[in-house]
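# Structural overview for review
Chain by chain, the residues:
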Amino acid sequence: MHPLSSRSRVVVNKTMTFWERLYLPAIVGGLWITFRHFFYKKVTIRYPEIKRIFSPVYRGLHVLKRDDLGAERCTACGLCAVACPAEAITIDAAERKPGEEGLYREEKYAAKYEINMLRCIFCGLCEEACPKQAVYLTDRIVPSSFERQDFIWGKEKLVEPVEPEKRVDVSIRHYFQKEA
Amino acid sequence: MLFWIEKISLVVLVFCVTLVIAMYATLAERKFAAFFQDRIGPDRAGPFGLLQPLADGIKFFFKEEFIPANADRFLFVLGPCLSMIAACMTTAVIPWGHDIVIFGQTMALQIADLNVGVLYLAGVVSLGVYGIMIGGWASNNKYSVLSAIRASSQMISYELAMGLALIALVMHTGSLSLREIVQAQHGGHWNVFFQPLGFLLFLICSFAEANRVPFDLAECETELVGGYHTEYSSMKLGFYLFAEYINMFIASAVMSALYFGGYHFPGLYHIGLSDNSAALVGVGVFFLKIAAFMFFFIWIRWTLPRFRYDQLMRLGWKILLPLAIANMIFTGFLSLLLG
Ligand code: SF4
Ligand code: SF4
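Calculation notes
Residues numbered from 1 in each chain as written. Chains lettered and ligands numbered in written order. Predicted model: local features only at pLDDT ≥ 70, side-chain atom pairs only at ≥ 80, totals over all residues. Heavy atoms only, no water. Contact = heavy atoms within 4.5 Å. Buried area = accessible area lost by both parts, 1.4 Å probe. Salt bridge = Lys/Arg side-chain N within 4 Å of Asp/Glu carboxyl O. Polar contact = N/O pair within 3.5 Å; in protein donor to acceptor, adjacent residues only side chain to side chain. Helix = DSSP H or I, 4+ residues; strand = E, 2+ residues; numbered from the N terminus. Buried < 20%, exposed > 50% of the residue type's maximum accessible area, 1.4 Å probe, protein only. Pairing = 2+ DSSP bridges. Axes fitted to C-alpha atoms, helices over the stretch in contact; angles between N-to-C directions. Parallel < 35°, antiparallel > 145°, perpendicular 65-115°, else oblique. Core = buried A, V, L, I, M, F, W, Y, C linked by side-chain atoms within 4.5 Å. pLDDT = per-residue confidence, 0-100.

A common measure of how large an interface is: the accessible area buried when the components associate. At the interface, 17 residues of chain B touch 17 residues of chain A. Surface buried jointly by chain B and chain A totals about 1,600 Å² across both partners, of which 67% is contributed by carbon and sulfur atoms. Broken down residue by residue, the surface that chain B buries against chain A is led by Asp 38, Ile 40 and Arg 44 of chain B, which jointly contribute 34%. The tally of links from chain B across to chain A stands at 2 salt bridges. Between Asp 43 of chain B and Arg 46 of chain A there is a salt bridge, with the nearest N and O atoms lying 2.5 Å from each other. At the surface where chain B touches chain A, the tally comes to 8 residue pairs in polar contact (both at pLDDT 80 or more). Mapped by element, the contributors of at least two residues to the side of chain B that touches chain A are helix 1 (2-36) and helix 11 (275-301) of chain B.

Right, here's the structure in full:
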């Protein structure tokens, strides 16, 4: 058969020569290999100080986006919850009252929007399902906790702040997403 | 009276030095392991991670003290203690340096100059296996017992070759006292040049006696869970792990003393130091040699895979033992011819 790579070796069951059976030369060879690695460049990334760059397709903690005027984009259509294979999303819808136009972009909004981070498998289907570009997965990591309750993230933690400088940048996600 | 003060202070000093070295050997092991694997290793506790052994020790003390329900409580506690004691006892006969003179008193840098030092060494080293045996037996766990059996049969197999290598050495120097063996090596007449095969055998057997890779079959995780200390936790486990590092230190010290001239180094008497400072330099040199051997122990650990059990036995009985006997006969023959 044609070898698939240049690294394949034919196994021969030949008896070892005396030199090979001595084993000590092989040990010296092995010691030399490990000793060389002593001076190699270290691959360690010193985590809290240096963070590894995430790839554009990295799917971490969700964010609920606001539009340019600061109104929440989500219209509580529930498509994300339906799409979610882990059934991690819980939504309660409510109707926008007059005078709340600055808060919610559509007439219907999510009064409650919860994602259970312990259920979520970070597949990103919610982001794909959303017709309003409201929910995105970001390059942030869900913080650890001792309490289960802490992993149910409500709107107060998911919705991004109004201030433009505190907005969560998801432009990298558009790289492979449809238009905004 | 003065004699006792001198001896007791020396005992305390040697004990502390041994413990500190064993502590930092754990750090060195982790650091070097990291370097061999292109990593950085622990460096968060203190500058360069120098407080890491301390942190590890504190952690051990705060771990839950657990004794299995069906374990023999007395033996269970005795096991690690015995390991530790046997490991520390060997330091008694190692000559750390030349005599030094303080206030007109000559002080030997050796706790006890036994005239059968080599014999004492071999005896105490073989005691070490009792700690493992008792611990493994008392745990009432099949893996522990299997591991203990492995450890003891390994010790017995390798002690034979080790003893025979030592006999050849003793035939060469004509003394059983470690001090005299070291004294006889001054001026670069290191025993390793006269007993290269003996040294190689002794080196291999030291690895087996110290339960280090590639002979650490007693704690082979893939087959035996944790080996003889599967059921141990807290500082009792710490004692077992610590005893291994002390054994490594002792084995390095013994090899340096027996085969590499101990506290001698070429040119020691030509650089014109006073006797006391020459002795201290000698101690430093001795510790350098020990450090080199300990590095070698670590280096080997991160290079070689573990032997299979039948390979281990084959190596011990069919290769090392005949070689040791041949070496002994050859040495005897030579000394008869030349002496
Ligand atoms: S990422 Fe996947 S699992 Fe997580 S909430 Fe969205 S759809 Fe559900
Ligand atoms: S996040 Fe998007 S998909 Fe989910 S409910 Fe809101 S608008 Fe609909």
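Having seen the model, we can carry on.
Between side chains of opposite charge, pairing is possible as soon as their charged atoms come close. Counted according to the given criterion, the structure contains 15 salt bridges over all chains. Note that Glu 106 of chain A and Arg 105 of chain A form a salt bridge whose closest N and O atoms lie 3.4 Å from each other. You can call Arg 105 of chain A partly exposed: its relative accessible area is 32%. Arg 212 of chain B is paired through a salt bridge with Glu 29 of chain B; the nearest N and O atoms lie 3.0 Å apart. Of this pair, Arg 212 of chain B sits in the loop between helix 8 (196-209) and helix 9 (221-224) while Glu 29 of chain B sits in helix 1; the two residues are 183 residues apart in sequence, bridging distant segments of the chain. Side by side, Arg 212 of chain B and Glu 29 of chain B carry an identical accessibility label, which is buried. Overlapping salt bridges bring together Arg 46 and Glu 49 of chain A together with Asp 43 and Arg 44 of chain B as one network.

Another aspect to go through is the sheet that holds strand 3 (residues 108-116) of chain A. Residues and elements named next belong to chain A. Pairing is antiparallel in the open sheet, where 3 strands are placed in the order 2-3-5. The open sheet has two edge strands with one neighbour each: strand 2 (89-95) and strand 5 (152-153). Bridge count between strand 2 and strand 3: 7 bridges; the pairing is antiparallel. Looking across to strand 3, one finds that Glu 95 is bridged to Lys 108.

Residues and elements named next belong to chain B. At a minimum axis separation of 9 Å, helix 1 and helix 10 (residues 234-259) run at an interaxial angle of 100°. Taken together, the axes of helix 1 and helix 10 are roughly perpendicular relative to one another. Taking contact as the criterion, the partners of Thr 18, Leu 19, Ile 21, Ala 22, Met 23, Ala 25, Thr 26 and Glu 29 in helix 1 are, on helix 10, Phe 242, Tyr 245, Ile 246 and Phe 249.

This brings us to the nonpolar core. Within the largest apolar cluster, 79 residues are counted, with the highest numbers of intra-cluster contacts made by Tyr 158, Phe 215 and Leu 258 of chain B. Among the elements that take part in this core, helix 10 of chain B stands out by supplying 14 residues, more than any other. Residues in contact with Tyr 158 of chain B, not counting those within four places in the same chain, are Ile 204, Cys 205, Ala 208, Glu 209, Phe 215, Leu 312, Leu 315, Gly 316 and Leu 320 of chain B. Of all hydrophobic cores here, the second largest spans 24 residues; its members include Leu 61, Met 117, Cys 120 and Val 159 of chain A.

Once that is clear, we can look at the confidence of the model for chain B. Looking at chain B as a whole, the pLDDT averages 84, with 97% of positions reaching at least 70. Interface scoring of the predicted complex returns ipTM 0.76; its pTM is 0.78.

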